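# Architecture at a glance
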Amino acid sequence: MERRGSGGADVCCERLDLIVDLISIVSDDPRVKAIMCMASYEEGELFSIRKLARCVGLAPKNMARYVEELRSRGIIECVYESPKLRLYKVGSRFKPAIDLLRSKLNALFTPNKS
């Protein structure tokens, strides 16, 4: 790790490195990928299991299992259901938290223009 400044700056850098490592580990989880994929699209965009599977890089059968887990926890909601198609969106209870997380991550990884 590169040393910057004295004392407190080293601790800050070290914590930032740990946060980046943690994010890279967690972001490999298909559930996290699905949530971030859904959060990155336009407001009101709906997702089928196939669309999420393409976004995450999984087979639809495997993605269906993760979608059901996210749905059962209330993280995503099924907003349309027919015998052959279900459409999902980020749950209204979790949307503000996901938007806040995304904005904080963007701020963290966007270089300062000074």
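The model shown is predicted, which means the values in this text are computed figures rather than measured ones.

With 84% of its residues at a pLDDT of 70 or more, the protein shows a mean pLDDT of 81. Segment residues 1-6: pLDDT under 50, and eight contacts once partners within four positions in sequence are set aside and those in other chains are kept.

This brings us to the nonpolar core. Within the largest apolar cluster, 19 residues are counted, with the highest numbers of intra-cluster contacts made by Met 38, Leu 52, Met 63, Val 67 and Ile 76. Contributions of two or more residues to this core are made by α2 (30-40), α3 (49-56), α4 (60-72) and β2 (86-90). In this view, Val 67 contacts Ile 49, Leu 52, Ile 76 and Tyr 88; residues no more than four positions away in its chain are not counted.

So, about a nonpolar patch on the surface. A cluster of nonpolar side chains, Leu 46, Val 79, Tyr 80 and Leu 85, forms an exposed patch at the surface whose accessible area comes to about 310 Å². When you line up the elements, Val 79 lands in strand β1 (residues 76-81).

A word on the state of the cysteines. Formally, a disulfide is one covalent bond, and it connects the sulfur atom of one cysteine to the sulfur atom of another. Applying the stated criterion across every chain, the model contains one disulfide. A disulfide bridge connects Cys 37 with Cys 55, and the sulfur atoms are separated by 2.0 Å. Residues Cys 37 and Cys 55 share a disulfide whose torsion about the S-S bond is about 125°; that sign makes it right-handed. Here the residue Cys 37 occupies a position in helix α2, and Cys 55 occupies one in helix α3, the gap between them amounting to 18 residues. A relative accessible area of 38% means that Cys 55 is categorised as partly exposed.

What follows covers the pairing of β1. Bridging between β1 and β2 involves five bridges; their strand directions are antiparallel. Paired with Glu 81 across the two strands is Arg 86, which belongs to β2. Counted along the chain from β1 to the antiparallel partner β2, the turn is four residues long.

Let us look at the pattern of salt bridges. When their charged atoms lie close together, side chains carrying opposite charge are able to pair. Here the structure, examined in full by the defined rule, presents six salt bridges. The closest approach of N and O atoms between Asp 29 and Arg 31, which form a salt bridge, is 2.6 Å. Residue classification places Arg 31 among the partly exposed residues on the basis of a relative accessible area of 27%. The salt bridge partner of Arg 86 is Glu 81, with a shortest N-O separation of 3.1 Å. Using a relative accessible area of 40% as the deciding quantity, one classes Arg 86 as partly exposed. A network of salt bridges, in which partner residues are shared, links Asp 29, Arg 31, Glu 69 and Arg 73.

Cut-off values and rules
- Residues numbered from 1 in each chain as written.
- Predicted model: local features only at pLDDT ≥ 70, side-chain atom pairs only at ≥ 80, totals over all residues.
- Heavy atoms only, no water.
- pLDDT = per-residue confidence, 0-100.
- Contact = heavy atoms within 4.5 Å.
- Core = buried A, V, L, I, M, F, W, Y, C linked by side-chain atoms within 4.5 Å.
- Buried < 20%, exposed > 50% of the residue type's maximum accessible area, 1.4 Å probe, protein only.
- Helix = DSSP H or I, 4+ residues; strand = E, 2+ residues; numbered from the N terminus.
- Patch = residues over 30% accessible without salt bridge, like charges linked within 9 Å, V, L, I, M, F, W, Y side chains within 5 Å.
- Areas by Shrake-Rupley, 256 points an atom, 1.4 Å probe, with all protein chains shown as cover.
- Salt bridge = Lys/Arg side-chain N within 4 Å of Asp/Glu carboxyl O.
- Disulfide = S-S within 2.5 Å.
- Pairing = 2+ DSSP bridges.

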